[in-house]
Amino acid sequence: MVQYNIQENQQLRIFGPFFATMLLTIVVWVYMYIRRIHFISSMNLRPEQLIRPGELARISPPAVSNPSDNLKNLFEVPVLFYALAIYLYITKQVDTTYVVAAWIFFVFRVLHSSIHCTFNAIYLRFYCYLFSCLALFLMLFRAVLIHCFS
């Protein structure tokens, strides 16, 4: 019985970075709306002025449009991370290597979002994106190898 609890706790550790990444998405979402609402109210824009798709993005400065672009980005590569984390949990493959790589993925996603939503240094943002993807690809490659050869 004790062995099962230890193994189950090991498996549950993948959900730390999983839910942290979800929280990051919510934080960026709230930040985006704060920036948008402030912009719309400071420009005295009326709703009918924004009826055409893409109009807000067209007239928004980067400080308003970048958080929106980042939110879209959080529904791209992180979706693969969520799927992989669930797969690892269901197949009981979670170990320290996966958990560390998942936290690395999360940390670099936080850095990427922080840069994208504020000062937007393109090269720095790119490297954060790259390192987060490398952590994810390490996890994915390892999972595929284990799946194929076990």
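Nothing here was measured: the structure is a model prediction, and the numbers come from that model.

Parameters at a glance
In this numbering scheme, every chain counts its residues from 1 along its sequence in written order. In keeping with the predicted nature of the model, local features appear solely for residues at pLDDT of at least 70, side-chain atom pairs appear and are counted solely at 80 or more, and the whole-chain, interface and lining totals rest on all residues. Side-chain metrics rest on all non-hydrogen atoms present in the structure, leaving aside hydrogens and water. Stacked, tilted and edge-to-face are the three classes applied to pairs of Phe, Tyr and Trp rings, where Trp contributes its six-membered ring and a pair requires centres within 6.5 Å; stacked means planes under 30 degrees apart, edge-to-face means over 60, and tilted covers the rest. In this description a helix means any DSSP run of H or I spanning at least four residues, a strand means any run of E spanning at least two, and both kinds are numbered starting from the N terminus. Any residue under 20% of the maximum accessible area for its type is buried, any over 50% is exposed, and the rest in between are partly exposed; the area is computed with a 1.4 Å probe on protein chains only. Throughout this description, the term charge over a ring refers to an Arg CZ or Lys NZ atom that lies within 6 Å of the ring centre and within 35 degrees of the ring normal. We call two residues in contact when some of their heavy atoms are within 4.5 Å. To get an axis, a line is fitted to the C-alpha atoms, and for a helix only the part in contact is used. The angle between two axes follows their N-to-C directions and goes from 0 to 180 degrees. An angle below 35 degrees is read as roughly parallel, one above 145 as roughly antiparallel, one from 65 to 115 as roughly perpendicular, and any other as oblique. In this classification, Asp, Glu, Lys and Arg are treated as charged, Ala, Val, Leu, Ile, Met, Phe, Trp, Tyr, Cys and Pro as nonpolar, and every other residue, Gly included, as polar. UniProt positions are given in the numbering used here, feature names are shortened, and annotations may be inferred rather than shown by experiment. Crossings are assigned a handedness: left-handed for a near helix turned anticlockwise from the far helix by less than a right angle, right-handed for a clockwise turn. What is meant by a nonpolar core is a set of buried Ala, Val, Leu, Ile, Met, Phe, Trp, Tyr and Cys residues, joined one to another through side-chain atoms within 4.5 Å. For the purposes of this analysis, a disulfide is any pair of cysteine sulfur atoms at a distance within 2.5 Å.

**Student:** Tell me about the packing of aromatic side chains, and please be specific about residues and values.
**Tutor:** One pass over the structure, following the stated rule, counts 11 aromatic pairs. With a centroid separation of 5.2 Å and 80° between ring planes, the pair formed by Phe 15 and Phe 18 is classed as edge-to-face. One end of the pair, Phe 15, and the other, Phe 18, are both in helix H2 (residues 15-42), three residues apart, so they sit about a helical turn from each other. Classification of Phe 15 as buried rests on a relative accessible area of 18%. Under the relative-accessibility criterion, Phe 18 is labelled buried at 6%. Note on Phe 18 and Tyr 82: the rings are 5.2 Å apart at their centroids and 70° apart in plane angle, and the pair reads as edge-to-face. Placement of Phe 18 in helix H2 and of Tyr 82 in helix H5 (residues 77-90) is noted, with a sequence separation of 64 residues between them. Taken together, the ring pairs connect Phe 15, Phe 18, Phe 19, Phe 81, Tyr 82, Tyr 89 and Phe 105 into an aromatic cluster. Positioned above the aromatic ring of Tyr 98, the side-chain terminus of Arg 142 is 4.4 Å from the ring centre.

**Student:** Please give an account of the side chain of Thr 21 that cites residues and values.
**Tutor:** Structurally, Thr 21 is set in helix H2. Judged by relative accessible area, Thr 21 falls into the buried class, the value being 0%. Those residues in contact with Thr 21 that lie beyond four places of it in its chain are Pro 78, Phe 81, Tyr 82, Phe 105 and Phe 106.

**Student:** Got a sec to walk through the packing of helix H4 (residues 62-73) against helix H6 (residues 96-117)? Specific residues and values, please.
**Tutor:** For the pair H4 and H6, the least separation of the axes is 8 Å and the interaxial angle reads 155°. When the axis of H4 is compared with that of H6, the two are roughly antiparallel. Touching Asn 66, Pro 67, Asp 69, Asn 70 and Asn 73 of H4 are Arg 109, His 112, Ser 113, His 116 and Cys 117, all from H6. Along the lines of polarity and charge, the residues of the contact of H4 with H6 split into two nonpolar, six polar and two charged.

**Student:** Describe the UniProt feature "transmembrane region" (unreviewed entry) in the protein, listing the residues and the values that go with them.
**Tutor:** Residues annotated by UniProt as "transmembrane region" (unreviewed entry) correspond here to residues 14-34, 73-90, 96-112 and 124-145. Secondary structure across residues 73-90 divides into 83% helix and 0% strand, with the first and last C-alpha atoms of the span separated by 26 Å. When the span residues 124-145 is considered, its composition is 100% helix and 0% strand, and the gap between its end C-alpha atoms is 31 Å.

**Student:** Please set out the packing of H5 against helix H7 (residues 122-148) residue by residue, giving values where relevant.
**Tutor:** Contact pair H5 / H7: the axes reach a minimum separation of 11 Å and the direction vectors enclose 35°. The interaxial crossing formed by H5 with H7 has left-handed handedness. For the pair H5 and H7, the contacting residues are Val 77, Leu 80, Phe 81, Leu 84, Tyr 87 and Leu 88 in the first and Tyr 129, Cys 133, Leu 136, Met 139, Leu 140, Ala 143 and His 147 in the second. Grouping the constituent residues of the contact of H5 with H7 by class yields 12 nonpolar, one polar and no charged.

**Student:** How would you summarise the nonpolar core if you had to cite specific residues and measurements?
**Tutor:** One finds Ile 14, Phe 81, Leu 84, Leu 88, Phe 105, Leu 136 and Met 139 to be the most contacted residues of the largest nonpolar core, which totals 20 residues. For this core, the secondary structure elements donating two or more residues are H2, H5, H6 and H7. Among the elements that line this core, the one with the most residues is H5, at six residues. Beyond its immediate sequence surroundings of up to four residues, Ile 14 is in contact with Ala 85, Tyr 89, Val 94, Tyr 98, Val 99, Ala 102 and Met 139.

**Student:** Account for the state of the cysteines, with residues named and values stated.
**Tutor:** When the sulfur atoms of two cysteines share a covalent bond, that bond is a disulfide. Across all of its chains, the model carries zero disulfides by this definition. Here Cys 128 is not disulfide-linked; the sulfur of Cys 133 is the nearest cysteine sulfur, at 11 Å.

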